[in-house]
Amino acid sequence: MSRIAARFSQLADRGRTALIPFVTAGDPNPDVTVPLMHAMVAAGADLIELGVPFSDPMADGPVIQRATERALAQGVSLSRVLEMVRDFRVQDQETPVVLMGYLNPIEVMGYTAFSEQASAAGVDGALIVDLPPEEGHDLIAMMRDCGLDLVNLIAPTSNPGRIARIGQVASGFVYYVSIKGVTGAAHLDVSTIADKVGQIRERIQLPVGVGFGIRDAETAAQVAKVADAVIVGSAIVGRIESLAETPERIPETIAGFLGDLRAAVDAADGVGHGSTSD
Amino acid sequence: MAIHADNSHASRMETGRDTAYQMPDANGHFGPYGGMFVAETLMYPLEELLKAYETCMADPQFQAELDADLRDYVGRPSPLYHAERWSRELGGAQIYLKREDLNHTGAHKVNNTIGQALLAKRMGKTRIIAETGAGQHGVATATVAARLGLECIVYMGEVDVARQEANVYRMRLLGAEVVSVKSGSRTLKDAMNEAMRDWVTNVDDTFYIIGTVAGPHPYPMLVRDFQAVIGREARAQMLERTGRLPDALVACVGGGSNALGLFHPFIGDEGVAIYGVEAAGDGLETGRHAAPLSAGRPGVLHGNRTYLMEDDDGQIMETHSISAGLDYPGVGPEHSWLKDSGRATYDAVTDDEALAAFHHLTRTEGIIPALESSHALAYAHTLAATMRPDQSVLVNLSGRGDKDMHTVAHHDGLVL
């Protein structure tokens, strides 16, 4: 069983919703990332999404765009991100890590080289924003051979036919983008999310994560009631940005914020606080 | 397989559409290039757009409306001009210019915006967005939006806003909101990123008018089809004027819409050599250029796989050209296919060579060309000189140079 499947099944047994933080690798500098990942796990993260910087982040709002620019200014490449995951794995062999980014850095590295190197580094999957199932066959096959999951996005505009098609290729979990828009955009509507998550569950047997627009404990708790995973990105990255000049404070501050989210999600689940790796 | 040039009446009447060349395939691929590399949110709207496009293209009423607009509003057909003095002076092939500079708004861009705006109207969209580099596509979009009474937002890189002030003002006069894009390299590619972000956010009521043969399927196909009126007219005009097809075609390539518009109806004409001219900027060897076909490699950007200017980590590089309209790190995927298949040849011309051609056409023929088109003129000058006087070269004069007065004056050390 893959690390991602194992983690979700463990959570399901306990009736808990996964909490998935996103951070851009190398933001605001490469030394922060691995300690930050460990701090997030200690604060209750069940899986980590690690953003791979790309020069043209078309699906991201201003907060993650700026994080990307900070990381690129430090020369953080896809290979460097894989090194970070390798470092993370020295201490943590349990927590799944999913890369999130755009296709071009993977194209340039090569599908085979990427799949082999990512797997060797301890990566569990990848979510490639600009790779719909129609274009993904070759990479999906290669990743699968290396034991990696390709996590697919589902959008508010995905009709039942598209959801079913995504279900045929998705693995690990699926990521429902809760709003039409870029990352960090405002105002999610929990009742429409619940409807859509219901449609997804009818067609896809994988856990359903919900992200885009979850900014605080309150929205996290609302989403936890309908989803298998709550994904929080811009709200974390925005806090990292405000500490860019004092990076030593980042792990502790983000851990504090995640702790609040964890408590809210657990309360929504009706379970007490507890680490999944205990 | 293809329609060959001969002097029969039937051949003259042909549009030049090649029966063997059927690109893209049903999924929008030109061999390994093209495709739909976009976020899931945009997949449904792209499918919707493809359906609407296919319906409209099969609808005689849509075609009639489009043809009437091209005639009465754009001023088509655009003339074919024999640059006799230039040709004589050069002593090589006869040079013919397809005068897209004489279109309403001053460039070929309007052929496409007219078509896409009609499509937007048919689809019931009320809000138009566009990206622009030099501002020509932005002006052409603002123009058709004004005429149809549609809200219009144009994204333009901050660097381009500064170097194309006159076009920014034109767009504002036409009622468009011009958004200055401050992310990334603050040029055309970043304007396109921002337009995609807008589209993904406002997908229900918004139509994105892409200005070139790039972006996700079906854009490269539909922009090409709307621009192919250039080549269809030019082909018939050359046959009419000279009794034969040209020996060579030359057009500048940024994203490549004016080039593909000219080339496409000639692809099946094996005797016609096809040359696309990229911007070599300060020179390919300096790295400061915008010539992905000449000096880049394949990758994925803005919804399609194509030749790109990118570094070893897959990050898109900043480009340089004196011409804002060519200052783009990618190129339409069909050009990548035409390059690999060998049907077209791509080369690059430096800023200095383009400027020399700009001045030369202005003084020799009394036509002030756009700096983009000047790249094609520079290449044609060199090419025609190697050919015989009974041969001919057809150049797409894709736009007029009024917008470039400040750039050229600045380069010559003047302040207007």
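Please read all numbers here as calculations on a predicted model, not as lab measurements.

1. A short note on the sheet that holds strand β7 (residues 174–177) of chain A
Residues and elements named next belong to chain A.
Link 1 in the chain: Strand order across the open sheet formed by nine strands is β5-β4-β3-β2-β1-β9-β8-β7-β6, with parallel pairing between neighbours. Each edge of the open sheet is held by one strand with a lone partner, namely β5 (149–150) and β6 (152–154).
Link 2 in the chain: Where strand β1 (residues 18–24) and strand β9 (residues 229–232) come together, four bridges link them in parallel fashion. Considered in β9, the bridge of Leu19 is made with Val230.

2. Section: the packing of aromatic side chains
Residue and element names in this part refer to chain A.
Link 1 in the chain: Throughout the structure, instances matching the rule amount to nine aromatic pairs over all chains.
Link 2 in the chain: For the ring pair Phe8 and Phe173, a centre distance of 5.5 Å and an interplane angle of 45 degrees mean the geometry is tilted. Within this pair, whereas Phe8 is found in helix α1 (residues 3–13), its partner Phe173 is found in the loop between α8 (160–169) and β7, the two being separated by 165 residues in sequence.
Link 3 in the chain: The exposure class of Phe173 is buried, given its relative accessible area of 0%.
Link 4 in the chain: Geometrically, the ring pair formed by Tyr175 and Phe212 is edge-to-face, given 6.1 Å between the ring centres and 85 degrees between the ring planes. Note that Tyr175 is positioned in strand β7 and Phe212 in the loop between β8 (208–211) and α10 (217–224), a separation of 37 residues in sequence.

3. Some details on the environment of Val98(A)
Residues and elements named next belong to chain A.
Link 1 in the chain: Among the secondary structure elements, Val98 is positioned in strand β3 (residues 97–101).
Link 2 in the chain: For the pair Val98 and Gly51, spaced 47 residues apart in the sequence, the C-alpha separation amounts to 8.6 Å.
Link 3 in the chain: Excluding residues within four positions of it along the chain, Val98 makes contact with Ile4, Leu47, Ile48, Glu49, Leu50, Gly125, Ala126, Leu127, Val151 and Phe173.

4. Describing the side chain of Asn193(B)
Link 1 in the chain: Topologically, Asn193(B) is positioned in helix α9 (residues 188–201).
Link 2 in the chain: Among the residues examined, Asn193(B) registers a relative accessible area of 2% and is labelled buried.

5. Let's talk about the confidence of the model for chain A
Link 1 in the chain: Per-residue pLDDT for chain A has a mean of 94; in total, 97% of the residues score no lower than 70.
Link 2 in the chain: Across residues 274–278 of chain A, confidence stays below pLDDT 50; counting only partners more than four residues off in sequence or on other chains, it has twelve contacts.

6. Let's talk about the pairing of strand β5 (residues 127–132) of chain B
Residue and element names in this part refer to chain B.
Link 1 in the chain: Among the six residues that make up β5, six are buried, leaving the element largely enclosed by the rest of the structure.
Link 2 in the chain: Of the two faces of β5, the one holding Arg127, Ile129 and Glu131 and the one holding Ile128, Ala130 and Thr132 are both buried throughout.
Link 3 in the chain: Pairing of β5 with strand β6 (residues 151–157) involves six bridges; the strand directions are parallel. Counterpart to Ile128 in the pairing with β6 is Cys152.

About the cut-offs
Residues numbered from 1 in each chain as written. Chains lettered and ligands numbered in written order. Predicted model: local features only at pLDDT ≥ 70, side-chain atom pairs only at ≥ 80, totals over all residues. Heavy atoms only, no water. Pairing = 2+ DSSP bridges. Helix = DSSP H or I, 4+ residues; strand = E, 2+ residues; numbered from the N terminus. Phe/Tyr/Trp six-rings, centres within 6.5 Å; stacked < 30°, edge-to-face > 60°. Buried < 20%, exposed > 50% of the residue type's maximum accessible area, 1.4 Å probe, protein only. Contact = heavy atoms within 4.5 Å. pLDDT = per-residue confidence, 0-100.

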